[in-house]
Amino acid sequence: MAAFDDSADPTLGAACNRLAAWVETLPEGVTIDAASDLVEDDLALILRHLHATRHEAPGRRAADDGATTPRARASVPVTARG
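Scoring rules and cut-offs
- Residues numbered from 1 in each chain as written.
- Predicted model: local features only at pLDDT ≥ 70, side-chain atom pairs only at ≥ 80, totals over all residues.
- Heavy atoms only, no water.
- Core = buried A, V, L, I, M, F, W, Y, C linked by side-chain atoms within 4.5 Å.
- Buried < 20%, exposed > 50% of the residue type's maximum accessible area, 1.4 Å probe, protein only.
- Helix = DSSP H or I, 4+ residues; strand = E, 2+ residues; numbered from the N terminus.
- Patch = residues over 30% accessible without salt bridge, like charges linked within 9 Å, V, L, I, M, F, W, Y side chains within 5 Å.
- Areas by Shrake-Rupley, 256 points an atom, 1.4 Å probe, with all protein chains shown as cover.
- Salt bridge = Lys/Arg side-chain N within 4 Å of Asp/Glu carboxyl O.
- Axes fitted to C-alpha atoms, helices over the stretch in contact; angles between N-to-C directions.
- Left-handed = near helix turned anticlockwise from the far one by under 90°.
- Contact = heavy atoms within 4.5 Å.

Visitor: Give me the lowdown on the nonpolar core, citing residues and values where you can.
Guide: Of all hydrophobic cores here, the largest spans 6 residues; its members are Phe4, Cys16, Ala20, Val23, Leu43 and Leu47. Broken down by secondary-structure element, the contributors of at least two residues to this core are α1 (10-24) and α2 (40-52). Top element by residues in this core is α1. It accounts for 3 residues.

Visitor: Explain the environment of Cys16 residue by residue, including any values.
Guide: Counting through the fold element by element, Cys16 comes out in helix α1. Since its relative accessible area comes to 5%, Cys16 is described here as buried. Considered as a pair, Cys16 and Asp5 are 11 residues apart in the sequence and their alpha carbons are 9.2 Å apart.

Visitor: Before we move on, could you go through a nonpolar patch on the surface and cite the residues and values that matter?
Guide: On the surface, Leu19, Trp22 and Ile32 cluster together to form a nonpolar patch covering roughly 250 Å² of accessible area. With respect to the secondary-structure elements, Trp22 resides in helix α1. When its relative accessible area of 43% is taken as the criterion, Trp22 is described as partly exposed.

Visitor: Could you give an account of the packing of α1 against α2, naming the residues involved and the relevant values?
Guide: Packed helices, taken two at a time, are described by the angle their axes make and the gap between the axes. Orientation of α1 relative to α2, taken along the N-to-C sense of each, is 145 degrees, at an axis distance of 10 Å. At the point where α1 passes α2, the crossing takes the left-handed sense. Here Cys16, Leu19, Ala20, Trp22 and Val23 of α1 lie close against α2, whose contacting residues are Glu40, Leu43, Ala44, Leu47 and Leu50.

Here it is as structure tokens:
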């Protein structure tokens, strides 16, 4: 998984790096929290999205960009397994 070292928010970048390192060790598709049905793929998707938007100003929300329609979900590759 990509590094977050160049994030606009260094504290968030460091936390994302730690989470990415933890997620990479999980077996693909493993359930992390049965109550919420959170799986490894969910965390990987969240991290890929954060990585793609890491240069935005801290605290900026999608609603701040003037968009009037919801954005389409980006197609993202599954994290590589070694």
